[in-house]
Amino acid sequence: MHTIVISDLHLSDAEPINLKQPLWKKFRQKQYFIDQEFKNFIDKLNSEISSPKELILNGDIFDFDSVMSLPEDGSISFNHHESKRGLSSTEVKSTFKIQKILEDHHLWIQSLASFLSNDNKIIFIIGNHDVELHWPQVQNKIISMMNIDKDLARNIIFCEWFYISN
């Protein structure tokens, strides 16, 4: 078994270019997303390591705090503060946020799904920017957006805590 650990990707929804301040949040513009590099990384792992692998996504893979998208269909109510600073962290609002993130990172989530072949495992460890991974609806949304069958979904683990010895 090979173990690969990555962290702190801080995936979020795409930020449109601010014409008045073009450098503002530039790292959140689609042209700077790491999705293609992540796909290349996964493809390389799958081609060079034939034995089973586990990919540990060691916290802050998503950045729920920076999602500024708001539901436009009235399905989720939000207050004035949330309209300026982003939705709070309820299960329903967090599920909306993960959907917005993954809609903007389609290639990333497809690449993650492709990793699951050959008995590979994906382990999500919750970080401080993606504490909303704790919600079951958020976990289910991630799995459903991978578009994988139930057998492969069993190889995805969401860890709420970890212990390091020695």
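Preceding block: the structure.
A.B. asks: How would you sum up the pairing of strand S2 (residues 53–58)? Please name residues and give values.
C.D. replies: Most of S2 sits out of view: five of its six residues are buried. Handedness of the crossover is the feature at issue here: the chain leaves strand S1 (residues 2–6), passes through helix H1 (residues 35–48), returns alongside S2, and the resulting connection is right-handed. One ladder, built from five bridges, connects S2 with strand S3 (residues 121–125); its direction is parallel. When the sheet's bridge partners are listed, Leu57 is paired in S3 with Phe124.

A.B. asks: Give me the packing of helix H4 (residues 106–115) against helix H5 (residues 136–146): which residues, what numbers.
C.D. replies: Running from N to C, H4 and H5 point in directions that differ by 85°, and their axes come no closer than 9 Å. Taken together, the axes of H4 and H5 lie roughly perpendicular to each other. In this structure, H4 uses Ile109, Leu112 and Ala113 to contact H5, whose residues at the interface are Ile142, Met145 and Met146. Of the residues contributing to the contact of H4 with H5, the split by class is six nonpolar, no polar and no charged.

A.B. asks: How would you summarise the pattern of salt bridges if you had to cite specific residues and measurements?
C.D. replies: Oppositely charged side chains may form a pair once their charged atoms are brought near each other. Applying the stated rule across the entire model yields seven salt bridges. Ionic pairing is found between Asp104 and Lys30, a salt bridge with its closest N-O pair at 3.6 Å. With Asp104 in the loop between helix H3 (91–103) and H4 and Lys30 in the loop between S1 and H1, this pair connects stretches of sequence that are 74 residues apart. A relative accessible area of 22% means that Asp104 is categorised as partly exposed. The partner of Lys97 in a salt bridge is Glu132, with the nearest N and O atoms 3.2 Å apart. One end of the pair, Lys97, is in helix H3; the other, Glu132, is in the loop between S3 and H5, and 35 residues separate them in sequence.

Definitions and limits used
- Residues numbered from 1 in each chain as written.
- Predicted model: local features only at pLDDT ≥ 70, side-chain atom pairs only at ≥ 80, totals over all residues.
- Heavy atoms only, no water.
- Buried < 20%, exposed > 50% of the residue type's maximum accessible area, 1.4 Å probe, protein only.
- Helix = DSSP H or I, 4+ residues; strand = E, 2+ residues; numbered from the N terminus.
- Right-handed = clockwise from strand over helix to strand, strands pointing away.
- Pairing = 2+ DSSP bridges.
- Axes fitted to C-alpha atoms, helices over the stretch in contact; angles between N-to-C directions.
- Parallel < 35°, antiparallel > 145°, perpendicular 65-115°, else oblique.
- Contact = heavy atoms within 4.5 Å.
- Nonpolar A, V, L, I, M, F, W, Y, C, P; charged D, E, K, R; others polar.
- Salt bridge = Lys/Arg side-chain N within 4 Å of Asp/Glu carboxyl O.

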